[in-house]
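Chain by chain, the residues run as shown.
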Amino acid sequence: MTAETIRDLLEPLVGSSGSIFLIVARTGPIGFATAENKKLTGVEIRPDGLIRLVRESGWAVIDPSDVMAVVWNGEAESTPGQFL
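Draft legend 1. Spatial organisation of unusual backbone geometry. Phi angles above zero are rare outside glycine, and Arg 26 is one such case at about 65°. On the secondary structure map, Arg 26 appears in the loop between strand 1 (18-24) and strand 2 (28-34).

Here it is as structure tokens:
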């Protein structure tokens, strides 16, 4: 998946509560909650092509080349389910 695609999928979720999961090749689902005090506040593509996700409580940097799917659930405490 491209960095631009991931950014375009996640930008509408800025400020929303719920949970976001990224399905990563050779790793599986990686998720984080976007609760009241941990809302996603920004999604940016860094000059090196990595994606930086910014939350009120911290940030994460992700390599988009390993991301196979992006999942959002509006319920803050949930699991991504089973992916085959």
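Moving on from the coordinates now.
Draft legend 2. Here's a closer look at the pattern of salt bridges. Under the counting rule described, the total for this entry stands at four salt bridges. Arg 7 is the salt-bridge partner of Asp 8, the closest N and O atoms lying 3.5 Å from each other. The class of Asp 8 is partly exposed, set by a relative accessible area of 46%. Owing to a relative accessible area of 24%, Arg 7 belongs among the partly exposed residues under this scheme. With a closest N to O distance of 3.5 Å, Arg 26 and Asp 66 form a salt bridge. Here the residue Arg 26 occupies a position in the loop between strand 1 and strand 2, and Asp 66 occupies one in the loop between strand 5 (58-62) and strand 6 (67-73), the gap between them amounting to 40 residues.

What counts and what doesn't
- Residues numbered from 1 in each chain as written.
- Predicted model: local features only at pLDDT ≥ 70, side-chain atom pairs only at ≥ 80, totals over all residues.
- Heavy atoms only, no water.
- Helix = DSSP H or I, 4+ residues; strand = E, 2+ residues; numbered from the N terminus.
- Salt bridge = Lys/Arg side-chain N within 4 Å of Asp/Glu carboxyl O.
- Buried < 20%, exposed > 50% of the residue type's maximum accessible area, 1.4 Å probe, protein only.

Function cannot be inferred from these measures alone, as they are strictly geometric.
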